[in-house]
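# Observations on the three-dimensional arrangement
These are the residues of each chain, in order.
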Amino acid sequence: MKNKKLIWQLPFLVVLIVGTVVIIRRQGSIPYQNNKGMVFGTTYNITYQCDSDLHASIKAELQKVDEALSPFNKSSIITAVNNNDDVEVNDMFIDVFTLAQKISDDTGGAFDITVAPLVNAWGFGFKSGTAPTKQNIDSLKNIIGYKKVRLHGRRIVKDDKRTMLDCSSIAKGYGSDVVARLLKSKGVENYMVEIGGEIVTKGISKRRLPWKIGVTKPVDDSLSVNQEIQSVINVTDKAMATSGNYRNFYYKGGKKYAHTIDPHTGYPVQHNILSSTVIAADCATADAYATAFMVMGMEKAQELLKHHPEIMAYFIYADNDGKNKTWFSESLKGKIVEK
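Residues numbered from 1 in each chain as written. Predicted model: local features only at pLDDT ≥ 70, side-chain atom pairs only at ≥ 80, totals over all residues. Heavy atoms only, no water.

## A short note on the sheet that holds strand β2 (residues 42-49)
One open sheet holds the eight strands; their spatial order is β1-β2-β5-β6-β9-β12-β13-β14, and the pairing between them is antiparallel. Because the sheet does not close on itself, it has two edges, and the strands there are β1 (32-39) and β14 (324-328). The average angle at which neighbouring strand axes cross in this sheet is 10°, direction not considered. Where β1 meets β2, eight bridges bridge the pair, whose relative direction is antiparallel. (Pairing = 2+ DSSP bridges. Helix = DSSP H or I, 4+ residues; strand = E, 2+ residues; numbered from the N terminus. Axes fitted to C-alpha atoms, helices over the stretch in contact; angles between N-to-C directions.)

In structure tokens form, the structure reads like this:
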């Protein structure tokens, strides 16, 4: 009786096996497309397996993000908000603003999309060799703080009209998510989206292997000529973002620090993290936490990570002797591969 049942099931097994082989062969014959360009003042590089080139649709989606969030676009929504125009924000703006406020709360204000005036003040100061005065910093701190802005319906309300929003520390990650969603909606199963170093992956690469992403070594290289890899991480079906202006160091007491401004103090942080890489389910989240961890420093970042098992982090930091060391989440152990 059992043998008869097996014989009856055999044709179905054959059909299943043949069908699987046909699908695998078809997938192998579909080409991988590669689209490159410029957006948000940086480059993008998108690789995906698809019969047709989707670059026009990708550019259209990126243009929508630019029109919502680019402070360099004079007709963007964020420019109108910063100019205190009476403007309704759109869904993209609401998505990013809401997530930014949530992560600001979670990180105790280490992530703050109103901090740009301070970053700019110190940036120019370092380039000219003179730092901003305490009076300059105190003046700017009066208009900085994520709690000084809020969403009311579809409008941004500010406590001080001088407060400015800058989503550059989350927009690239969000843009990568937007493109990934587009590819998914087109039925694309295998892709890697990279915008300015912020990455979303799904499936496998052209080599039929999981996507592997390199983390660049932090070295004194203002022209970004040296791209030596510190580690390679398996980032399949995840998003990854890296923060750390570690090509622009400043030195104090003989120690090297990344060029990151603490929104609370208004001064550059004096933590030893030089590069913060975060892996999360979406790239906007990874982007924001990577920035926050640079501000928080190693101990506070590690403590926060205990409450977020869904987030993984990889830090490059300088030890007491100024030598580069690494620390990473326990859950990342199996994802770090040989270079």
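So, next bit.
## Observations regarding the side chain of Thr 79
With respect to the helices and strands, the residue Thr 79 is situated in helix α3 (residues 77-82). Accessibility expressed as a relative area gives 10% for Thr 79, which makes it buried. Within the structure, the side chain of Thr 79 is placed 2.7 Å from the backbone oxygen of Asn 73, a separation counted as a polar contact. (Buried < 20%, exposed > 50% of the residue type's maximum accessible area, 1.4 Å probe, protein only. Polar contact = N/O pair within 3.5 Å; in protein donor to acceptor, adjacent residues only side chain to side chain.)

## Considerations on the environment of Thr 133
Looking at where Thr 133 falls in the secondary structure, it is placed in the loop between α5 (116-128) and α6 (134-141). With twelve residues separating them in the primary sequence, Thr 133 and Ala 121 have C-alpha atoms 9.8 Å apart. Engagement of the side chain of Thr 133 in a polar contact is seen with the side chain of Asn 136, the distance being 2.9 Å.

## Let's talk about the packing of aromatic side chains
Counted under the stated rule, the structure contains six aromatic pairs. Where Phe 93 meets Phe 97, the ring centres are 6.3 Å apart and the plane angle is 15°; that geometry is what we call stacked. Within this pair, Phe 93 and its partner Phe 97 are both found in helix α4 (residues 91-106), separated by four residues, close to a single helical turn. We classify Phe 93 as buried; its relative accessible area is 1%. With a centroid separation of 5.8 Å and an interplanar angle of 40°, the aromatic rings of Tyr 289 and Phe 293 are classed as tilted. Within this pair, Tyr 289 and its partner Phe 293 are both found in helix α8 (residues 283-296), separated by four residues, close to a single helical turn. A relative accessible area of 6% means that Tyr 289 is categorised as buried. With a relative accessible area of 1%, Phe 293 lands in the buried category. By way of ring pairs, the aromatic residues Tyr 289, Phe 293, Phe 315 and Trp 327 are connected into one cluster. (Phe/Tyr/Trp six-rings, centres within 6.5 Å; stacked < 30°, edge-to-face > 60°.)

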